[in-house]
Amino acid sequence: HGRDYKRPEDFAPGERVLVVGAGESAADIVSECVAAGLNVDWSTRRGQWFADRNIGPHAADHFTAIGVRALFGLVGNVEYMIHRFIIATFINLAWGKGGHGVRGWWPEVPYLHQFLNKSRDGILEVYRGRVKAHSGVEQVDGKAVRFRGESEDFEYDRIILATGYVPNWPFLEQQPK
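Computed from a predicted structure; not experimentally measured.

## Thoughts on helix α1 (residues 24–35)
- Here α1 spans 17 Å end to end across twelve residues, near enough to the 16 Å set by a 1.5 Å rise per residue.
- Within the span of α1, buried status applies to S25, A26, A27, I29, V30, S31, C33 and V34.
- Packing partners of the buried residues in α1 comprise β1 (16–20), β2 (39–43), β6 (116–117), α4 (121–127), β7 (131–134) and β11 (158–161).
- Note on α1: the residue one or two positions beyond its end, G37, has a positive phi of about 80°.

Given below as structure tokens:
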């Protein structure tokens, strides 16, 4: 979380919060906000692939590493093709297109051709109806936000830009550079 980020449990119960971003930090923040009793909407400007933390006995990162290695010719095309098509088909069938099925978030690129979010926690909150998913933010006017493809504005008490974590190791005397 960013340096100025306040923890959701410090917010007033029932506040309406918009989380912007579709990375793992966003998924974590969405889950924290729901657990704190906040009303949560979630927006991403473009499509995103989601997978579970593990795919079978392997960490999901293993499969993205295979895609990167294939780009540099370090792994056989057969291995890449199996993961690229078979795993992608399984993900789409099991959880919907892109690993989530949220129409406005369908990825525009094939599996293994972009960052793979390995945190399904936020998506599970969308499935449960606790979080409303939106496409990208089109306009912000004070507390009012309009999303691409939507005709109504939504008002929020807070907007959290979940664009990544700022590393913090309080247990070290000197922070790494």
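## Considering the pattern of salt bridges
- Taken as a whole and assessed by the stated rule, the structure comprises seven salt bridges.
- Residue E15 pairs with R158 through a salt bridge whose shortest N-O separation is 2.8 Å. Here E15, found in the segment before β1, pairs with R158, found in strand β11; they are 143 residues apart in sequence, far enough to count as distant.
- Looking at R158, the relative accessible area reads 28%, which means it is partly exposed.

## Let's talk about the sheet that holds β11
- Taken in spatial order, the four strands line up as β7-β2-β1-β11 in an open sheet, and their pairing is parallel. The sheet terminates laterally at β7 and β11, the two strands that pair on one side only. Taking each pair of neighbouring strands and ignoring which way they run, the sheet shows an average axis angle of 20°.
- With five bridges joining them, β1 and β2 adopt parallel strand pairing. Counterpart to V17 in the pairing with β2 is V40.
- In the packing of α1 onto the sheet, contacts are made with β1, β2, β7 and β11, and the angle to β2 comes to roughly 165°.

## A few points about the pairing of strand β9 (residues 144–147)
- Pairing of strand β8 (residues 137–141) with β9 involves four bridges; the strand directions are antiparallel. Counted as the bridge partner of D141 is A144 from β9.
- Between β8 and β9, which follow one another and run antiparallel, lie two residues, and G142 among them has a positive phi close to 70°.
- Relative to strand β10 (residues 153–155), β9 runs antiparallel, the two sharing three bridges. Bridge assignment links R146 to a residue of β10, and that residue is D153.
- Adjacent in sequence and paired antiparallel, β9 and β10 are bridged by five residues, among which G149 carries a positive phi angle near 80°.

Procedures and definitions
Residues numbered from 1 in each chain as written. Predicted model: local features only at pLDDT ≥ 70, side-chain atom pairs only at ≥ 80, totals over all residues. Heavy atoms only, no water. Helix = DSSP H or I, 4+ residues; strand = E, 2+ residues; numbered from the N terminus. Expected span 1.5 Å × (residues − 1). Buried < 20%, exposed > 50% of the residue type's maximum accessible area, 1.4 Å probe, protein only. Contact = heavy atoms within 4.5 Å. Salt bridge = Lys/Arg side-chain N within 4 Å of Asp/Glu carboxyl O. Pairing = 2+ DSSP bridges. Axes fitted to C-alpha atoms, helices over the stretch in contact; angles between N-to-C directions.

Geometry only, nothing functional implied.
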